[in-house]
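Given next are the chains, with one letter for each unit.
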Amino acid sequence: MNASWKMRASAWSRRVWQIVGGVSIRVKVLGIVLGVIFILSGFVIVQMRTVLTDTLLGELSAQGVAIGDTIAHEIENMQLLDDEEALNAYLLGRQTHYSSSSHNTLVPYIFVEDGASGRILGGAGAVPDDAAVPGADGALVHQHDDVATRITPTLIEIVVPVPENDARLHMALARTNIEATVRAVTWQLVAITLVMVAIGFAAAFFLTWILTRPLLSLVAATHDVAQGDLTRRVPHWADDEIGELSDAFNRMVETLERAETARAAQLRLRARYVSGVILAQESERRRIARELHDSTSQSLTSLLVGLQNLKQAVPDDGINPQIDELRHVVGATLEEVRALSWRLRPSALDDLGLEVALQHHIEDFRQRYGIQVDFVVRGLDDRLPPEMETSIYRIVQEGLTNVARYAHAGHASVIISRRHGMIRVIIEDDGVGFDPYTAQANGKSLGLQGIRERAGLFDGSLTIESQPGGGTSLFVEMPYDAATVGVMSADATPDGAPV
């Protein structure tokens, strides 16, 4: 039971904290200020009502005792106890006199009681049935020298002995004036409380405005910085904690801006370096392909012609088989040299464009590795910049090479599309898949890194979706519009003749 109660209390406290924590600082401060004002004002009002009521009751009781004592002595001096009619007239006159507007009292009733028999000798006003029994209801507050005072919610009854007689004077004083006075003072305190609430609300609202405005400015600046705007600064509001926070924020953003500037410079330097490496690589591939095509292929072709002329010049049946064998070896070598020249730098890429070059490469890939590859091109009606076509060709080439080496796939697909100013290259296979993060951590993703570097030359990106046993999908996106002129063209060598 105790544990259950603790769990409910804990859940309730968490719920309250969630509600309180969900409101803004302005609401919290306003709530605290107004709550303190209401609590203190309520305490003051209750205390003032209690103190004022007790004070007025004491004064009225003392005044009633003085009046009763005066009337009791007058009754004795005038010897009115034996004349009921005269006594009633006198008491009625005293009731009327002390209930007039010239006095701060109201006498509901007044009478004289015989002390021995309890018989009422005379009186005026509405005499209650139990009035002759002071303190009968337990409300006896004070009794001294045979003078008794009883306080009820509506009146104060004074019992004073008549001197030299066994009789007592009963007089009641109504609390109407006391209640009216306390009520008037209470409403004044309520009015003062409302004024304090208005002043406190205005002061709290101004205070929260001073506190929350720089904080909201800091929040907005933080959002802008998170979006990449490192030029955003916040004003120095004051030489207090919030001002120190603003200065610290500005120093942090300045540090981030310097770090971002340095990082951007490093990235530009790295991009130029990578671009230069790739350009040098492509230039070297082009040069070697040209050498193989122009020099080696021609030499091998000349050798074939020379062997054929030798066979015709020497009609010797014993040596002809050896010449034919040499011609076969030279022919195979020539085909291998031509294939190597094509793989180094396909002439169709320069002459006929990206789509034709990739069709030739994919067909060669099918025959070489026995993997079925679907090839789809959409939106490439016009030629792309040569540098971009070369990068896309190398990306597809590297992607299919990875499929052949590691995927153990039976089917692959290559999709190239241009839409909404974006070139998209998708390479998919149904192979064994892999964990991209593990491969990157183990340093076994150099081919993928090369793809990422080539895409990055055109502000592109590479996204890898793969898992063990689930195949692999490579998504390459590169922006391309009318303003794209080719990142590498500025550094391109003029050595770009088709092979």
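Data block above holds the structure.
Residues numbered from 1 in each chain as written. Predicted model: local features only at pLDDT ≥ 70, side-chain atom pairs only at ≥ 80, totals over all residues. Heavy atoms only, no water.

1. Examining the pattern of salt bridges
Moving on, step 1. The full count for this structure, using the stated rule, is eleven salt bridges.
Moving on, step 2. Put simply, E363 and R366 hold a salt bridge, and the shortest N to O gap is 2.8 Å. Highlighted residues: E363 and R366, both in helix α8 (residues 354–369), separated by three residues, approximately one helical turn.
Moving on, step 3. The class of R366 is partly exposed, set by a relative accessible area of 23%.
Moving on, step 4. Here the salt bridges share partners, and the residues they tie into one network are R233, E254 and E257. (Salt bridge = Lys/Arg side-chain N within 4 Å of Asp/Glu carboxyl O. Helix = DSSP H or I, 4+ residues; strand = E, 2+ residues; numbered from the N terminus. Buried < 20%, exposed > 50% of the residue type's maximum accessible area, 1.4 Å probe, protein only.)

2. Structural notes on the packing of helix α2 (residues 25–78) against helix α3 (residues 84–98)
Moving on, step 1. Closest axis-to-axis distance for the α2/α3 pair is 12 Å, and the angle between their directions is 155°. The angle between the axes of α2 and α3 places the two elements in the roughly antiparallel class. As α2 packs across α3, the resulting crossing turns out to be right-handed. Every residue of α3 that contacts α2 at I67, I71, E74, I75 and M78 is listed here: L87, Y90, L91, R94 and Y98.
Moving on, step 2. Split into classes, the residues belonging to the contact of α2 with α3 amount to eight nonpolar, no polar and two charged. (Axes fitted to C-alpha atoms, helices over the stretch in contact; angles between N-to-C directions. Parallel < 35°, antiparallel > 145°, perpendicular 65-115°, else oblique. Left-handed = near helix turned anticlockwise from the far one by under 90°. Contact = heavy atoms within 4.5 Å. Nonpolar A, V, L, I, M, F, W, Y, C, P; charged D, E, K, R; others polar.)

3. Examining unusual backbone geometry
The phi torsion of most residues other than glycine is negative, and most of the peptide bonds are trans.
Moving on, step 1. In this structure, E164 is a non-glycine residue whose phi angle is positive, near 65°.
Moving on, step 2. Relative to the helices and strands, E164 is located in the loop between β5 (155–161) and β6 (167–174).
Moving on, step 3. Here the phi dihedral of D459 falls at roughly 60°; this positive angle occurs in a residue that is not glycine.
Moving on, step 4. A residue is classified by how much of its surface remains accessible, and D459, at 69% relative accessible area, is exposed.

4. Let's talk about the sheet that holds strand β10 (residues 461–466)
Strands pair in a sheet through their backbones, by hydrogen bonds, and they do so in one of two ways: parallel or antiparallel.
Moving on, step 1. Pairing is mixed in the open sheet, where five strands are placed in the order β7-β8-β9-β11-β10. Only two strands of the sheet have a single partner each, and these edge strands are β7 (372–378) and β10. The mean inter-strand angle of the sheet, taken between neighbouring strand axes irrespective of direction, is 10°.
Moving on, step 2. Of the strand pairs in this sheet, β10 and strand β11 (residues 472–479) are connected by six bridges, and their pairing is antiparallel. What sits directly across from E465, in β11, is S473.
Moving on, step 3. Along the sheet, helix α9 (residues 386–407) makes contact with β8 (411–419), β9 (422–429) and β11, crossing β9 at roughly 15°. (Pairing = 2+ DSSP bridges.)

5. Thoughts on the packing of aromatic side chains
Centre-to-centre distance and the angle between the planes together describe a pair of aromatic rings.
Moving on, step 1. Enumeration according to the criterion identifies four aromatic pairs in this entry.
Moving on, step 2. Where F206 meets W209, the ring centres are 6.2 Å apart and the plane angle is 25°; that geometry is what we call stacked. Of the two residues, F206 and W209 both sit in helix α4 (residues 176–226), three residues apart, roughly one turn of that helix.
Moving on, step 3. Judged by relative accessible area, W209 falls into the partly exposed class, the value being 37%.
Moving on, step 4. A centroid spacing of 4.9 Å and a plane angle of 50° characterise the contact between F365 and Y369, whose relative ring orientation is tilted. (Phe/Tyr/Trp six-rings, centres within 6.5 Å; stacked < 30°, edge-to-face > 60°.)

6. As for the side chain of S413
Moving on, step 1. Turning to its location among the elements, S413 is positioned in strand β8.
Moving on, step 2. Accessibility expressed as a relative area gives 14% for S413, which makes it buried.
Moving on, step 3. Setting aside residues up to four positions removed in sequence, S413 forms contacts with D374, I426, I427 and E428.

7. What to know about the pairing of strand β1 (residues 109–114)
Moving on, step 1. Counted residue by residue, β1 has six buried out of six residues, so it is predominantly covered.
Moving on, step 2. Of the two faces of β1, both are covered, the one formed by Y109, F111 and E113 as well as the one formed by I110, V112 and D114.
Moving on, step 3. Where β1 lies against strand β2 (residues 120–125), five bridges are found, and the strand directions are antiparallel. Looking across to β2, one finds that F111 is bridged to G123.
Moving on, step 4. Linking β1 to β2, which pair antiparallel, is a turn of five residues; within it G118 sits at a positive phi near 80°.
Moving on, step 5. Summarising the sheet, β1 and β6 pair through five bridges and their orientation is antiparallel. Of the residues in β6, the one forming a bridge with F111 is H170.

8. Some thoughts on the nonpolar core
Moving on, step 1. Counting residues in each nonpolar core, the largest one holds 37 residues, and the members touching the most others are I392, I416 and I423.
Moving on, step 2. Listed by contribution, the elements that provide at least two residues to this core are α8, β7, α9, β8, β9, α11 (446–456), β10 and β11.
Moving on, step 3. Beyond its immediate stretch of four places on either side in the chain, I423 contacts L380, L384, M388, I392, S417, R418, V476, E477, M478 and Y480.
Moving on, step 4. By size, the runner-up hydrophobic cluster in this structure holds 30 residues, among which are L87, I110, V147 and I156. (Core = buried A, V, L, I, M, F, W, Y, C linked by side-chain atoms within 4.5 Å.)

9. So, the environment of R383
Moving on, step 1. Among the structural elements, R383 can be located in the loop between β7 and α9.
Moving on, step 2. Along the primary structure R383 and L352 are separated by 31 residues, whereas in three dimensions their C-alpha atoms are 9.2 Å apart.
Moving on, step 3. Each residue touching R383, except ones within four places of it in the same chain, is listed here: L349, D350, D351, L352, G353, E389 and Y480.
Moving on, step 4. Side chain to side chain, R383 and E389 meet in a polar contact 2.8 Å long. (Polar contact = N/O pair within 3.5 Å; in protein donor to acceptor, adjacent residues only side chain to side chain.)

10. Description of α3
Moving on, step 1. Its 15 residues give α3 an end-to-end C-alpha distance of 21 Å, which sits within 8% of 21 Å, the value for a rise of 1.5 Å per residue.
Moving on, step 2. Of all the positions in α3, only L87, Y90, L91, Q95 and Y98 are classed as buried. What you see down the axis of α3 is that its buried residues fit within an arc of 140°, all on one side. More than 90 degrees from the buried face of α3, the exposed residues found are E85, A89 and T96.
Moving on, step 3. Those residues of α3 that are buried are in contact with α2, β1, β2 and β6. (Expected span 1.5 Å × (residues − 1). Arc of directions from axis to C-beta.)

11. Brief notes about the packing of α8 against α9
Moving on, step 1. With their axes 10 Å apart at the nearest point, α8 and α9 run at an angle of 15° to one another. Taken together, α8 and α9 sit at an angle that is classed as roughly parallel. Judged by the sense of rotation from one axis to the other, the crossing of α8 with α9 is right-handed. Contacts between α8 and α9 involve L354, A357, L358, H361, I362, F365 and Y369 on the former and, on the latter, E389, I392, Y393, V396, Q397, L400 and A404.
Moving on, step 2. Its residues assigned to classes, the contact of α8 with α9 comprises eleven nonpolar, two polar and one charged.

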